[in-house]
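Letter by letter, the chains look like this.
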Amino acid sequence: MMAYIVRRLLYAIPILIGVNLLTFVLFFVVNSPDDMARMHLGVKRVTDAAIQQWKHERGYDKPLVWNEQAEGAGHLTDTIFFDKSLRLFAFDFGQSDSGRNIGHDISQRMWPSLAIAVPVMLVGLLVNISFSLLLAFFRGTYLDFWGVVLCVAMMSISGLFYIIGGQVLLGKLLNLFPISGYDTGPHAWKFLVLPVVIGVVSAIGAGSRWYRTLFLEEINKDFVRSARAKGLSEQRVLFVHVLRNALIPILTGVVVILPSLFMGSLLLESFFGVPGLGSYTIDAINRQDFAIVRAMVFLGAVLYILGLLLTDISYTIADPRVRLE
Amino acid sequence: MMGFQPVILATDALIYLLVILALAFAWYTRRHAHLRAPWRRVAASRTAMGALVVIAVYVVIGLLDTLHFRPASGEDAQGHARYASEVQSVLDLLATPLVAHREKTYSAPFATHLYTRETIELPGGGQVRDFPRLKWGGAHLGDPARRAGDIAWRSAAGVALGAAAWLLWMALALRRHPGGWRAWWADPGRAPMRTAAWVWLVVLILAGLVLTLAGVYHILGTDKVGEDVFYQSLKSIRTGLVIGTLTTLVMLPAAILLGIMAGYFRGWVDDVIQYLYTTLSSVPGVLLIAAAVLMMQIYMNNHQDEFNSLTERADLRLLFLCVILGVTSWTSLCRLLRGETLKLRQLEYVQAAQAFGVGHFTTLMRHILPNVMHIVLIVVVLDFSGLVLAEAVLSYINIGVDPNTNSWGNMINSARLELAREPVVWWSLAAAFVFMFVLVLAANLFADVVRDAFDPRLRERS
């Protein structure tokens with residue numbers, strides 16, 4: 001087990017280097033730092049001196065990968081690639097293009113993200129499992145049929161509609177919750193309810209339908225038939241035999257997104273004005289702050305790889321038949 | 001006689017290619033019984049046939065909007081025709097009244113008055129602040145109070161027109177049916193076709209309503225600059241379809257080639273390809289798209305003179321967005337194909353081919369590729385609706401299509417700021433959501449049936 005984990009972690013290194021190279025090529029080779037500076041300072045009427053100044057302030061005035069002027073190891077270390085890309089491996093995100101410390105921002109902003117993402121995940125899991133169990137219990141009836149139709153219809157609605165519709169209905173017309181904003185004190189829950197409700201509702205369609213197929217797959221297996229043949233009640237069959245076995249794929253599906261919860265939800269956070277990492281990313285994209293986008297790409301890749309590793313480990317815990325080699 | 005000059009934009013060319021490919025595929029399928037069988041299962045589904053009618057209507061509108069041309073605007077000194085610089089489509093031509101009926105700013109659906117108060121000069125001198133009459137919406141009414149009666153009368157005419165067109169269509173279609181329409185109506189095997197016919201009736205009635213109402217009212221209101229929202233929604237159909245189909249078209253060659261190569265050759269080829277797609281899929285999709293689109297924006301800003309017109313620039317941006325979305329979404333198909341090929345290469349017929357000394361290329365093309373095509377088809381159909389929805393989200397974050405391109409995402413993006421107004425300006429949002437919802441719902445329903453018909457075991461990836 002330990003050896004497996006270590007090997008997987010080592011395997012993550014070339015992938016992260018690949019991600020790094022990809023972002024490096026996208027941000028520094030396809031367009032030179034000069035282009036970026038011109039974009040920020042306005043395309044026309046910009047002097048060379050202003051461009052040099054902009055690049056110098058942000059450390060973009062070094063050579064890309066090989067520094068002729070430096071001495072010894074400086075050939076490689078005093079370059080943009082080393083400064084901006086390789087440092088990410090030490091989780092040293094450096095300064096954003098507007099001069100803030102990205103690492104500090106991330107550590108501050110991940111808590112609001114988690115405050116939204118964790119309840120959305122937990123409540124969503126509960127709602128989806130209950131709803132899909134209901135459909136599986138009434139399988140083959142009209143309730144099941146129209147339930148699936150409802151799921152497909154809910155899947156077909158744009159996520160933006162849930163957010164805008166929820167804001168208008170619950171926030172504006174019924175006046176139940178504040179439309180947007182965030183607070184850290186005891187009143188924080190007021191601001192959290194609306195985004196969490198919308199986050200859960202918008203995922204019911206896809207989630208419930210997926211879980212329903214998982215349940216139906218288990219229901220048709222031999223051990224379920226023998227459980228019924230023993231004379232167990234349908235409720236007991238469903239909750240003990242079917243649910244526990246179907247939980248394996250459900251839980252592993254949840255584990256893979258666990259680390260990514262830190263990244264928050266792009267849409268929910270920016271619509272509700274939550275100062276989390278999702279809105280941080282969107283703001284960076286809108287302000288064209290490349291340093292932040294680069295940092296978030298790297299962070300996202302790290303968390304995704306971590307999620308895959310956790311999934312594999314959780315398989316062995318949830319299902320003893322799986323052995324990692 | 002007005003001349004015109006056909007224009008083929010980059011996405012147009014790819015759409016034509018897609019249509020040709022689809023026709024060739026259909027022709028090939030018709031001639032092979034084993035390929036026809038799953039489609040017959042699709043055709044036996046009432047949901048699929050109903051959804052197909054809806055999709056077909058969208059596709060026809062999208063194709064009409066793809067036939068681009070530049071109208072002649074006069075003649076130069078030598079008598080050669082000169083063409084307007086603005087590119088139009090056949091849809092624009094058909095919807096000329098909608099384009100021409102431009103108001104000043106917002107107006108509600110079926111409104112006769114503008115949404116905002118203005119200072120109006122009274123004929124007898126003096127001023128009053130009131131809602132002015134619209135220039136076009138309900139302009140044929142002498143007295144705006146007669147609006148309700150007029151709408152009811154026109155609606156009834158539209159419904160009658162649609163129903164009459166439907167009856168005519170059915171009469172022509174069933175003319176040669178043995179036993180006449182009674183037999184057709186009673187035949188249980190024709191149930192899917194009857195569903196399609198009912199959906200077609202709804203479509204025709206809606207078309208009838210549009211014909212009688214859209215010419216004199218703004219049936220979905222107007223937006224901030226007074227453009228008809230119904231027209232915008234129609235124009236957005238092409239953008240949605242392009243994103244949903246061309247994205248998969250541009251990613252298919254790479255995904256298929258790499259997927260079956262990884263599964264077939266194993267060894268270092270497999271390692272390299274797996275490394276490639278693991279790396280790409282570990283970058284969060286939105287961020288990769290954002291990074292690429294930001295870089296493209298910089299490039300376009302710094303090389304503005306390379307584009308002939310705004311239309312061309314917006315079109316290239318749309319194509320680029322498809323490519324980027326393709327880069328982020330090919331990995332899952334590649335992984336599926338690799339897994340399937342790993343299974344196939346162990347089968348007897350592939351081993352027999354290898355024992356006979358058939359080359360790798362021929363084995364891949366003749367024995368592996370045809371047997372994974374159903375997975376390709378399923379993934380293409382399943383991905384479509386997700387891509388249409390993704391366009392709206394990306395446009396909201398400003399990394400979607402060009403702001404000048406008509407798209408549902410842009411409609412939502414520009415309308416959402418107006419929700420704070422009192423009373424709410426809801427029609428732009430509602431129109432975009434409804435148009436999107438109908439297309440995505442039809443596509444989802446159709447995709448489910450296609451998946452079940454071709455490979456029920458291939459569960460969707462959550």
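Summarised in this report is the structure supplied together with it.

Calculation criteria
Residues numbered from 1 in each chain as written. Chains lettered and ligands numbered in written order. Predicted model: local features only at pLDDT ≥ 70, side-chain atom pairs only at ≥ 80, totals over all residues. Heavy atoms only, no water. Helix = DSSP H or I, 4+ residues; strand = E, 2+ residues; numbered from the N terminus. Rg over C-alpha atoms; globule rule 2.2 N^0.38 Å. Buried < 20%, exposed > 50% of the residue type's maximum accessible area, 1.4 Å probe, protein only. Contact = heavy atoms within 4.5 Å. Areas by Shrake-Rupley, 256 points an atom, 1.4 Å probe, with all protein chains shown as cover. Lys, Arg positive; Asp, Glu negative; His and termini not counted. Charge placed at Lys NZ, Arg CZ, Asp CG, Glu CD. Salt bridge = Lys/Arg side-chain N within 4 Å of Asp/Glu carboxyl O. Core = buried A, V, L, I, M, F, W, Y, C linked by side-chain atoms within 4.5 Å. Domains from an automatic or database assignment. Axes fitted to C-alpha atoms, helices over the stretch in contact; angles between N-to-C directions. Parallel < 35°, antiparallel > 145°, perpendicular 65-115°, else oblique. Left-handed = near helix turned anticlockwise from the far one by under 90°. Nonpolar A, V, L, I, M, F, W, Y, C, P; charged D, E, K, R; others polar.

1. Here's the deal with the overall build of chain A
Of regular secondary structure, chain A possesses 14 helices and 0 strands. Helices and strands in chain A line up, N terminus first, as α-α-α-α-α-α-α-α-α-α-α-α-α-α. Relative to a compact globule of 325 residues, whose C-alpha radius of gyration would be 20 Å, chain A shows 25 Å and is clearly more extended. Overall, the C-alpha framework of chain A stretches about 85 × 55 × 35 Å when taken along its three principal axes. Scored against the burial criterion, the 325 residues of chain A give a buried share of 46%. Contacts in chain A between residues far apart in sequence, at least 24 positions, make up 68% of those at least 6 positions apart. About 16,000 Å² of surface is accessible on chain A, with carbon and sulfur atoms providing 65% of the total. Counting 27 positive and 24 negative side-chain charges, chain A places the averaged centre of each group 10 Å from the other.

2. Quick look at the pattern of salt bridges
Working definition: two side chains of opposite charge can pair if their charged atoms are close together. Throughout the structure, instances matching the rule amount to 16 salt bridges over all chains. Note that Arg 209 of chain A is salt-bridged to Asp 448 of chain B, the shortest N-O span being 2.5 Å. Here the residue Arg 209 of chain A occupies a position in helix H9 (residues 188–219), and Asp 448 of chain B occupies one in helix H16 (residues 427–454), the pair thus bridging two chains. Given a relative accessible area of 8%, Arg 209 of chain A falls into the buried group. The partner of Asp 92 of chain B in a salt bridge is Lys 235 of chain B, and the shortest N-O contact between them spans 3.1 Å. Remark: Lys 235 of chain B occurs in helix H9 (residues 229–265) and Asp 92 of chain B occurs in helix H4 (residues 90–94); sequence separation between them is 143 residues. In terms of burial, Asp 92 of chain B and Lys 235 of chain B fall into one category: buried. Because the salt bridges share partners, they merge into one network encompassing Arg 209 of chain A together with Asp 448, Arg 451 and Asp 452 of chain B.

3. Some remarks on the nonpolar core
Ranked by size, the top nonpolar core spans 169 residues in total, and within it Trp 408, Ile 412 and Met 436 of chain B carry the most contacts. In terms of domain composition, this core takes at least three residues from each of domain 1 (2–90) and domain 2 (107–324) of chain A. Core analysis: the second largest hydrophobic core is formed by 23 residues, Ala 117, Leu 214, Ile 219 and Ala 246 of chain A among them.

4. Quick word on the environment of Arg 147 of chain B
Residue and element names in this part refer to chain B. One can find Arg 147 in helix H6 (residues 147–173). Counting along the chain gives 36 residues from Arg 147 to Ala 111, while the straight-line C-alpha distance between them is 8.9 Å. Ignoring any residue separated from it by four or fewer positions in sequence, one finds Arg 147 in contact with Phe 110, Ala 111, Thr 112, Leu 141 and Tyr 217.

5. Quick notes on the packing of helix H6 (residues 102–137) of chain A against H9 of chain A
All names here are of chain A. In the contact formed by H6 and H9, the axes pass within 6 Å of each other and the chain directions differ by 40°. Put simply, H6 runs oblique to H9. The crossing of H6 and H9 is right-handed. A per-class count over the contact of H6 with H9 returns 22 nonpolar, 6 polar and 1 charged.

Read these as geometric descriptors, not functional statements.
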